[in-house]
Amino acid sequence: MPQDRFDGLEQRPGVSPDVIALERRLYGWRRETADRIGATYPDPLPAPAQVDGARRGSEPLASLINPAPDGALLRDAADSFLDALDGLPVAQVLAEGLGDPPDAERLSRWFTLAWTPDGAELKRLAEECSLEADVLRWSARQLARPFFHRLGELLVGGEGMASRPPDAAGCPSCGGAPRMARYERDEGRRHLWCDLCNLQWTFPRVTCPFCLNRNQERLGYLVIEGSEQYRIDVCEECHGYLRAIDERGRPEGSQVDFPIEDVGTLHLGLFAEQQGYQPGENHRLDG
Amino acid sequence: MAVSGATALGGLLGKLGVDLGPSLAHAEALKTRYAKESTTICPYCGVGCGLIVSTMNRNVINVEGDPDHPINQGSLCCKGQSLYQVATSDRRLTKVLYRAPRSAEWEEVSWEWAINRIADRVKETRDKYFTKKDDKGRVVNRTHAIAALGGAALDNEECYLYGKLMRALGLVFIEHQARI
């Protein structure tokens, strides 16, 4: 995702310059961290059978291996992550709460929060660190992104896109809820995207990707007047929402850049939540 | 409708020190409409392609192939593709039209008149051209003067009744669009 694409974001209505500035920092940090990680993560590499199993959708890859990086690599990433946020209020809050530097055990727990749905552990660590739970989870996911991007690359390999059985919810790499979706141009298939792993996978339409509700009377979508290429898929059972891009409403040949669209359509998420819907990750967290 | 930052997303971004003003203002100006998608089967031939029909306030706004249906996987033939028009075209007939024999004009008639006229003509034709026995003296109880053509939109139960009625009348030329 070249830096110059951020300039296009600034022209889009409803996009906060602060959000763009934050994403620029995080993007730059992710690229540097990915370079530093190189081929050293994951260690050991998942066995071919494990990758194969996750590709076929039996279990997410992160539950078949231990996705935690080794102590030194994680510490290096955490230090540079906090440096990347330097100057923002959240940097000081995180450093004070987690410890500067955080000890190994706390680092490991912080990392694990990125992808496990253990709401009780999230509350525990948040209380120990005197941090807000949503800030703690957000920071954990940002810290983990370069590592899970690498897992996602291993999973997809040369095949372009992962898949999951229609009765399985969650990203094939981390098991997490999708953040956005796209409806492909040719046959209207729906592909979900995980922001943690930067991975797409095909998922049936007219099915809630969070609670697997298939009752068509309890599923719907919001059409955005004047921006028909965007829609918000909603489920009246779990009240989950998913921002989606319909490629059929876009010029021929245009590609969907999910990280950019994630920032560019934040206002749709705000709108959906004001309507009483909630993001998928909230549905997934237990405890 | 006012959109506030008092949402989970808004709350989180606020704690990160992000000014959400432009996003909130844009969200407040959004106009949306609620739509639904329903899966169904194409009413035409026996292939039975899957469809997704989008509706808004019970009006059809889109018809497309169902990409998850194992038979067509999102594709549709030209007839299936035009189903949207079947539901919404303003050229659909909404009144019964009748053209009398050797007339060049269509005239509007009532359903009651049309159904009674059809019944009268079936009876007249059957009475005039009914054959009890063929030229070899075998009992046949049939008429060759009437043919029937069923359509793919008939369901199984309707097809059963259609076949029963036509054979009871003595028809032999009984066809169905799905055979073509």
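Residues numbered from 1 in each chain as written. Chains lettered and ligands numbered in written order. Predicted model: local features only at pLDDT ≥ 70, side-chain atom pairs only at ≥ 80, totals over all residues. Heavy atoms only, no water.

Description of the overall build of chain A
Each helix and strand in chain A was counted, giving twelve helices and eight strands. Over its C-alpha trace chain A gives a radius of gyration of 19 Å, about what one expects of a compact globule, namely 19 Å for 287 residues. Along the three orthogonal principal directions, the C-alpha set of chain A runs to about 50 × 45 × 40 Å. Burial statistics for chain A: of 287 residues in total, 57% are counted as buried. Carbon and sulfur atoms provide 47% of the accessible area of chain A, an area that totals close to 11700 Å². (Helix = DSSP H or I, 4+ residues; strand = E, 2+ residues; numbered from the N terminus. Rg over C-alpha atoms; globule rule 2.2 N^0.38 Å. Buried < 20%, exposed > 50% of the residue type's maximum accessible area, 1.4 Å probe, protein only. Areas by Shrake-Rupley, 256 points an atom, 1.4 Å probe, with all protein chains shown as cover.)

Brief notes about the domain arrangement of chain B
Domain annotation of chain B identifies domain 1 (36–88) and domain 2 (96–179). Placing a centre on the C-alpha atoms of domain 1 of chain B and another on those of domain 2 of chain B gives a separation of 32 Å. (Domains from an automatic or database assignment.)

Quick look at the pattern of salt bridges
Applying the stated criterion to the full structure yields 32 salt bridges over all chains. In this structure, E37(B) and R205(A) form a salt bridge, with 2.7 Å as the shortest nitrogen-oxygen distance. Placement of E37(B) in strand β1 (residues 32–41) and of R205(A) in the loop between β4 (199–203) and β5 (219–224) is noted, with the two residues assigned to different chains. Overall, E37(B) belongs to the buried group, its relative accessible area being 7%. Classification of R205(A) as buried rests on a relative accessible area of 4%. Put simply, R243(A) and D262(A) hold a salt bridge, and the shortest N to O gap is 2.7 Å. You can see R243(A) sitting in strand β7 (residues 240–246) and its partner D262(A) sitting in helix α10 (residues 258–264), a full 19 residues away along the chain. Assigned by exposure class, R243(A) and D262(A) land together as buried. Linked by salt bridges that have partners in common, R190(A), R205(A), R231(A), D233(A), D246(A), R248(A), E37(B) and E64(B) make up one network. (Salt bridge = Lys/Arg side-chain N within 4 Å of Asp/Glu carboxyl O.)

Some remarks on the environment of R138(B)
Residues and elements named next belong to chain B. Within the element layout of this structure, R138 appears in the loop between β6 (130–133) and β7 (139–150). Look at R138 and you get partly exposed, because its relative accessible area is 48%. C-alpha separation for the pair R138 and G74, spaced 64 residues apart in sequence, amounts to 54 Å. Not counting chain neighbours up to four residues away, the residues in contact with R138 comprise K132 and K133. (Contact = heavy atoms within 4.5 Å.)

A word on the environment of G163(B)
Looking at where G163(B) falls in the secondary structure, it is placed in helix α6 (residues 156–169). Accessibility expressed as a relative area gives 16% for G163(B), which makes it buried.

Structural notes on the pairing of strand β2 (residues 180–183) of chain A
All names here are of chain A. Burial along β2 is two-sided: the residues M180 and R182 and A181 and Y183 are all buried. Across four bridges, the pairing between β2 and strand β3 (residues 190–194) is antiparallel. If you follow Y183 over to β3, its bridge partner there is R190. Between the end of β2 and the start of β3, which pair antiparallel, lie six residues, with G188 showing a positive phi angle near 75 degrees. Judged from the four bridges that link them, β2 and β7 form a sheet pairing that is parallel. By the bridge assignment for β7, Y183 is matched with D246. (Pairing = 2+ DSSP bridges.)

Side note on the interface of chain B and chain A
Listed as interface residues are 42 residues of chain B and, on the opposing side, 46 residues of chain A. Buried area between chain B and chain A, both sides added, is near 3900 Å², and the carbon and sulfur share of it is 58%. At the boundary of chain B with chain A, the tally comes to seven salt bridges. Our enumeration of links across chain B and chain A arrives at 19 residue pairs in polar contact (both at pLDDT 80 or more). (Buried area = accessible area lost by both parts, 1.4 Å probe. Polar contact = N/O pair within 3.5 Å; in protein donor to acceptor, adjacent residues only side chain to side chain.)

Focus: a negative patch on the surface
A cluster of like negative charges, contributed by D79(A), D83(A), D86(A) and D100(A), occupies part of the molecular surface. Examined against the element boundaries, D83(A) turns out to sit in helix α5 (residues 71–84). (Patch = residues over 30% accessible without salt bridge, like charges linked within 9 Å, V, L, I, M, F, W, Y side chains within 5 Å. Lys, Arg positive; Asp, Glu negative; His and termini not counted. Charge placed at Lys NZ, Arg CZ, Asp CG, Glu CD.)

Here we look at the sheet that holds strand β8 (residues 171–176) of chain B
Paired through backbone hydrogen bonds, the strands of a sheet run either parallel or antiparallel to each other. All names here are of chain B. The mixed open sheet is built from three strands, whose spatial order is β6-β7-β8. The open sheet terminates on both sides in strands that have one partner only, identified here as β6 and β8. With direction set aside, neighbouring strand axes in the sheet form an average angle of 30 degrees. Two strands pair when backbone bridges link them, and β6 and β7 are joined in this way by three bridges, in the antiparallel orientation. Within the sheet, the bridge partner assigned to K133 lies in β7 and is V139. Docked against the sheet, helix α5 (residues 111–129) engages β6 and β7, running at close to 145 degrees with respect to β7. Contacting β6, β7 and β8, α6 runs over the sheet at an angle of about 160 degrees to β8. (Axes fitted to C-alpha atoms, helices over the stretch in contact; angles between N-to-C directions.)

Some points on the environment of C211(A)
Take C211(A): it is sitting in the loop between β4 and β5. Separated by 41 residues in the primary sequence, C211(A) and G170(A) place their C-alpha atoms 9.9 Å from one another.

Considering the layout of surface pockets
The volume enclosed by the largest pocket comes to roughly 920 Å³. Lining the largest pocket we find 37 residues, and of these W138(A), R141(A), R179(A), L9(B) and L12(B) sit closest to its centre. Those elements that place two or more of their residues in the lining of the largest pocket are α2 (17–37), α8 (119–129), α9 (133–156), β7, α10, α11 (266–274) and α12 (280–284) of chain A together with α1 (8–15) of chain B. Class assignment for the residues of the lining of the largest pocket results in 20 nonpolar, five polar and twelve charged. (1 Å grid on protein atoms, 1.4 Å probe; cavity = no way out; pocket = protein on both sides within 12 Å on 5 of 7 lines; lining within 4 Å. Points joined across faces, edges and corners; volume = space filled by probe spheres on them. Nonpolar A, V, L, I, M, F, W, Y, C, P; charged D, E, K, R; others polar.)

Here's the deal with empty space enclosed by the protein
Tallied over the full model, the rule gives one cavity of 30 Å³ or more. By volume, the largest cavity is sized at about 160 Å³. For the largest cavity, the lining is made up of 19 residues, of which R190(A), L219(A), G220(A), D233(A) and V234(A) are closest to its centre. Every element with two or more residues in the lining of the largest cavity is listed here: β5, β6 (230–235) and β7 of chain A together with β1 of chain B. The leading source of residues in the lining of the largest cavity is β6(A), at four residues. Along the lines of polarity and charge, the residues of the lining of the largest cavity split into eleven nonpolar, three polar and five charged.

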